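Structure at a glance
Each chain, letter by letter, is given below.
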Amino acid sequence: MSAPPQATTVGVIGAGPAGLALARLLRLAGVDCVLLERRDRAYVEQRQRAGTLEPATIDLLRRIGAGERLDREALFLDGIELRFAGRGHFVDFAALADGARLAVYPQTKIVQDLVALQTQDGPPLLFEADVHTVSDLDGSRPTLGFRMAGRDHTLRCQYIVACDGAYGIGRRTVLAAGGHLQEHTYPYAWYGILADVAPSTDTLLYARSDHGFALHSMRSPTVSRLYFQVPADHVPEQWADEAIWDELARRLAAGTGWKLERGPITAKSVIGMSSELLAPMRVGRMLLAGDAAHVMPPTGAKGLNLAVADANALCQALLVSEPADRERALDQYAQQRVLQARRVERFSRFMTRTMHIAPEDDAETAARRLGVLERIAGSPETAQLFAREYVGRSRAEAA
Ligand code: RFL
Ligand code: PHB
């Protein structure tokens, strides 16, 4: 293998959606960049995660050349269904959010599509390249130290962007420099399954039941993705397949005529639920984007969308040619994106609390949560606020 590059304009840590989208945007703008990823390609491409894309994310993926398979294979949704008190209510984005359509398209495929583009026509994407140090962040030549194929290397950059997720060196560096992490851990988790069975719904189905939350999503016309609320300390082995289907059927039940189809379960996992907001998103010449800076509970389906929007905003700032203006644009990036993340966090927290049953919830709390859902179902104004926030329209307007 040829020696890795030793210098670049932008050194990006992490080939998740944020890092891959940023590298692609920079490449299309003609900016030199190197992307370092600690895992191997197969691992990164198979990691099961998000499934729902907002219109702005779909547009951006199309713009950077990653829209072809998405347009062929994604399932486009005109709304979502909220189920509660044994009834279903369709939140119609066409009517409430200017015809916005969501795409159900798995993160695994987005990552595969972006990696394919990256390996076709650059910039360099180095797998199994583990960044262990960032240095000279306040100087003119910030440097990444990384280990690859048993050897240590350095990469001198003009800017470093940490897209290395919630446990990366980017976040640790911000905290060591006096940054602040605001965290909230929910007293429940999601038990998630993948199953080889056609989805029993043609939309995303979020259910609040007396037994807890459940979500019916999908990956393709033959693969379903479902989740249900469990206590925070659960382990996947605790649940036999039939018990999982029984529990899902009980929580998703809605009057007569609807039935949850069952099939072979091919993957099981437990997903912790927390909100994490880090500030600032900049230390000298290192910027943060995506989960490195903010993690959302999955109920609002926002994490990936926020990560890709960060990449887009950061690229704009990096492209400013006059150095003093660019520095100001990067400061503005860091400030604006923290505000956006707070807004998304408020919505994700609202939706999480409304849909789940916390151990401490009493009858009054449960009635209040149901009241919120009744208002979304019964008041077009409330439904519109909810729909516009869910599809990201209100954020686009506020930006
Ligand atoms: P990622 O995807 O975590 O990527 C970070 C990458 O950095 C690498 N890395 C390093 N590389 C080199 N050197 C180092 N020292 C490194 N340290 C780390 C890691 O190996 C990794 O490849 O972060 P990014 O790019 O910010 O993307 C964020 C999204 O992945 C995340 O927000 C979403 O998956 C969240 N999420 C959802 N988001 C949505 O928008 N819609 C959804 O429907 C949705 N559903 C979900 C979700 C997350 C879930 N889980 C598992 C938490 C459903 C679930 C179940
Ligand atoms: C998913 O399809 O994995 C998914 C959908 C909606 C969510 C979270 C996850 O809110």
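As shown above, the structure is provided for reference.
Notes on the structure follow.

Definitions and cut-offs
- As a convention, each chain's residues are numbered from 1 in the sequence order in which they are written.
- Each chain is given a letter, starting from A, and each ligand a number, starting from 1, according to the order in which they appear as written.
- With pLDDT at 70 or above as the cut-off, local features in this predicted model cover only qualifying residues; side-chain atom pairs require 80 or more to be listed or tallied, and sums for whole chains, interfaces and linings still use all residues.
- Think of the side-chain values as coming from all heavy atoms in the structure, minus any hydrogens and water.
- Being near a molecule or strand, for a residue, means having at least one of its heavy atoms within 4 Å of it.
- N or O atoms closer than or at 3.5 Å make up a polar contact, with two conditions inside protein: a donor-capable atom paired with an acceptor-capable one, and, for residues adjacent in sequence, both atoms drawn from side chains.
- Computed with the Shrake-Rupley method and a 1.4 Å probe, the accessible areas treat only the protein chains shown as cover for residues.
- Helix and strand definitions follow DSSP, with helices as H or I runs of at least four residues and strands as E runs of at least two, each counted in order from the N terminus.
- Any pair of Phe, Tyr and Trp rings, taking the six-membered ring for Trp, is counted once the centres come within 6.5 Å. Such a pair is stacked with planes under 30 degrees apart, edge-to-face with planes over 60 apart, and tilted for the rest.
- Using a 1.4 Å probe on the protein chains alone, a residue whose accessible area is under 20% of its type maximum counts as buried, one over 50% counts as exposed, and one in between counts as partly exposed.
- By the criterion adopted, a ring carries a charge over it if an Arg CZ or a Lys NZ lies within 6 Å of its centre and within 35 degrees of its normal.

A few words now on the site of ligand 2. Taken together, the residues surrounding ligand 2 are Arg49, Gly51, Thr52, Trp190, Tyr206, Leu215, Ser217, Arg219, Tyr227, Pro298, Thr299 and Ala301. A distance of 2.8 Å is found between an oxygen atom of ligand 2 and a backbone nitrogen or oxygen belonging to Pro298. Relative to its unbound accessible surface of 280 Å², ligand 2 loses 96% to contact with the protein. Here the shell around ligand 2 takes three residues from strand β15 (residues 212-220), the largest share from any one element.

We now examine the site of ligand 1. Around ligand 1, 31 residues are found, and the nearest of them are Glu37, Arg47, Gln107, Asp291 and Leu304. In the environment of ligand 1, an oxygen atom lies 3.2 Å from a nitrogen or oxygen atom belonging to the backbone of Pro17. Within the side chain of Gln107, a nitrogen or oxygen atom sits 2.7 Å from an oxygen atom of ligand 1. Considered on its own, ligand 1 offers 1100 Å² of accessible surface; in the complex 90% of this is hidden by protein.

A few words on the packing of aromatic side chains. Taken as a whole and assessed by the stated rule, the structure comprises 13 aromatic pairs. Centre to centre, the rings of Phe93 and Tyr390 are 5.9 Å apart; their planes meet at 25°, and the pair counts as stacked. Pair noted here: Phe93 is in helix α5 (residues 93-96) and Tyr390 is in helix α12 (residues 380-390), with a separation of 297 residues, a long-range link. Here the two residues Phe93 and Tyr390 agree in accessibility, since each one is buried. Judged by centre distance (4.9 Å) and plane angle (75°), the rings of Phe228 and Trp239 are edge-to-face. With Phe228 in strand β16 (residues 223-231) and Trp239 in the loop between β16 and α8 (241-252), this pair connects stretches of sequence that are 11 residues apart. A relative accessible area of 16% places Trp239 in the buried class. Site record: aromatic cluster; members linked through ring pairs are Phe93, Trp190, Tyr206, Phe213, Tyr227, Phe347, Phe350, Phe386 and Tyr390. The ring of Tyr43 is capped by Arg39, whose NZ or CZ atom sits 4.1 Å from the centre of that ring. A cation over an aromatic ring shows up here: Lys302 above the ring of Tyr390, its NZ or CZ 4.8 Å from the ring centre.

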